[in-house]
Amino acid sequence: FNKILFLKMSSRVLFIYCILLSILFLFVYGEETTIKAYQGGVDSINGDDTVIQPVDFEILYFKSKGRAEVLRLLASVGQLNWKNKLIPDDTGPWSPAGKWSDLKTSLPYHQVPALYEKGKHVLTQTLAIARYLAFKGNLLPETIDKQTRCDEFVHGAVDLRSILMKYERNPASTEDEMDARAMLSNYMANLNRAIQKHRDESQTGYLFSKIHYCDIYVYDVLSLAKDLLHTDYTPLFYTGLVDNLYQAVDNHPLVKAYHQSELSINQIIK
């Protein structure tokens with residue numbers, strides 16, 4: 001009887017051990033596979049497709065950062081299965097009218113960026129896409145109060161982006177450059193006060209205890225300002241709190257992995 005009982009107990013322990021081992025394998029392998037999933041995979045609407053594997057999301061935009069870079073960062077940090085769907089250079093708004101007109105009319109609001117999700121309707125409007133990707137990637141804060149505060153930081157970044165992109169479209173305009181620099185200076189001062197007032201005490205550098213979509217939005221617009229205005233590091237990040245946030249996002253493993261992957265626009269346009 002004791003031998004039978006011992007064998008039954010042993011088989012149960014072995015069974016539980018196998019289950020735990022399987023779970024551990026799926027967790028480790030799944031995370032590794034997710035990171036590898038966005039090591040490549042660029043699609044284009046002109047038929048020159050390089051499909052690495054089936055994806056859940058496609059981000060449609062020009063071969064530039066623009067309004068879509070923050071979406072690419074969100075999809076990457078959220079570890080979503082995604083790829084670029086790049087608009088060919090000869091299909092942009094300044095190319096022959098026919099191609100651009102055909103593309104625009106196929107999209108809600110006739111605008112890009114656009115998000116294609118497998119089995120669902122196309123989604124447009126950058127903020128709507130960003131929040132949806134943040135939800136899918138678990139990048140929204142856990143409470144409605146923190147989500148609202150996060151949205152506040154996002155909309156501040158959006159205001160700055162609009163001025164920066166106006167100058168980007170017309171770099172010869174001294175007036176637009178002055179407006180961009182003045183807006184940046186004002187934004188930095190307001191951002192510093194907001195971080196000082198609303199950040200938690202986790203000392204992570206992020207606005208809250210871990211990275212959320214508002215951190216990524218702020219990081220992206222500061223990166224655009226730095227690239228566009230060719231601003232030295234010290235004047236741009238003249239406050240420690242803003243610098244801490246920027247560095248925390250920039251050094252996040254998944255952000256670094258994105259910048260080094262074939263999905264990164266910097267890598268594509270090399």
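If you're wondering where the values come from, they're calculated on a predicted model, not measured in any experiment.

> How do you make sense of the environment of Leu-73 when you look at a structure like this?
With respect to the element layout, Leu-73 can be found in helix H2 (residues 69-77). Setting aside residues up to four positions removed in sequence, Leu-73 forms contacts with Ile-216, Tyr-219, Asp-220, Val-255, Tyr-258 and His-259.

> Explain helix H10 (residues 253-260) here, please?
Because each turn of an α-helix spans 3.6 residues, side chains separated by three or four positions in sequence point in the same direction. Among all positions of H10, only Leu-254, Val-255, Ala-257 and Tyr-258 are buried. Seen end-on, H10 carries its buried residues on one side only, within an arc spanning 160°. For H10, the exposed residues set more than 90 degrees away from the buried face come down to Pro-253 and Gln-260.

> Where do I start with the pairing of strand E4 (residues 114-117) in this structure?
Note on strand geometry: in a regular strand, side chains alternate between the two faces of the sheet. Pairing of strand E2 (residues 57-62) with E4, which is carried by four bridges, proceeds in the antiparallel orientation. Across the sheet, residue Glu-58 finds its bridge partner in E4, namely Tyr-116. Looking at chain direction, E4 and strand E5 (residues 123-124) are connected through two bridges and run antiparallel. Counterpart to Leu-115 in the pairing with E5 is Leu-123. The hairpin turn running from E4 into E5, its antiparallel successor, is five residues long, and Gly-119 in that turn takes a positive phi close to 80°.

> When you look at the nonpolar core in this model, what are you seeing that I'm missing?
Here is a general trend for soluble globular proteins: nonpolar side chains tend to be buried in one another's company. Counting 67 residues, the largest nonpolar core has Leu-164 and Tyr-213 as its most contacted members. Broken down by element, this core gets its largest block of residues, twelve residues, from helix H7 (residues 213-229). Not counting residues up to four positions away in its chain, the partners in contact with Leu-164 are Ala-180, Val-221, Leu-224, Ala-225, Leu-228 and Leu-229.

> Help me understand unusual backbone geometry, please; the structure alone is not making it clear to me.
Working note: non-glycine residues mostly have negative phi, and peptide bonds are mostly trans. Here the amide bond leading from Val-112 into Pro-113 is cis, since omega sits at 10°, within 30 degrees of zero. A positive phi angle is found at His-110, which is not glycine, with a value near 55°. Mapped onto the fold, His-110 is located in the loop between helix H3 (97-105) and E4. By relative accessible area, which is 42% here, His-110 ends up partly exposed.

> For this particular structure, what's the right way to read the pattern of salt bridges?
Between side chains of opposite charge, pairing is possible as soon as their charged atoms come close. With the rule as written, the count across this model stands at twelve salt bridges. Across the pair Glu-117 and Lys-120 runs a salt bridge whose closest N-O atoms are separated by 4.0 Å. In this structure, Arg-181 engages Glu-177 in a salt bridge whose closest nitrogen and oxygen atoms are separated by 3.2 Å. Taken together, the residues Arg-181 and Glu-177, both in helix H6 (residues 174-198) and four residues apart, mark about one turn of the helix. Residue Arg-181 is classed as partly exposed on the basis of its relative accessible area, which comes to 36%. Residues joined in a network through salt bridges with shared partners are Glu-117, Lys-120 and Lys-136.

Conventions adopted
Residues numbered from 1 in each chain as written. Predicted model: local features only at pLDDT ≥ 70, side-chain atom pairs only at ≥ 80, totals over all residues. Heavy atoms only, no water. Helix = DSSP H or I, 4+ residues; strand = E, 2+ residues; numbered from the N terminus. Contact = heavy atoms within 4.5 Å. Buried < 20%, exposed > 50% of the residue type's maximum accessible area, 1.4 Å probe, protein only. Arc of directions from axis to C-beta. Pairing = 2+ DSSP bridges. Core = buried A, V, L, I, M, F, W, Y, C linked by side-chain atoms within 4.5 Å. Salt bridge = Lys/Arg side-chain N within 4 Å of Asp/Glu carboxyl O.

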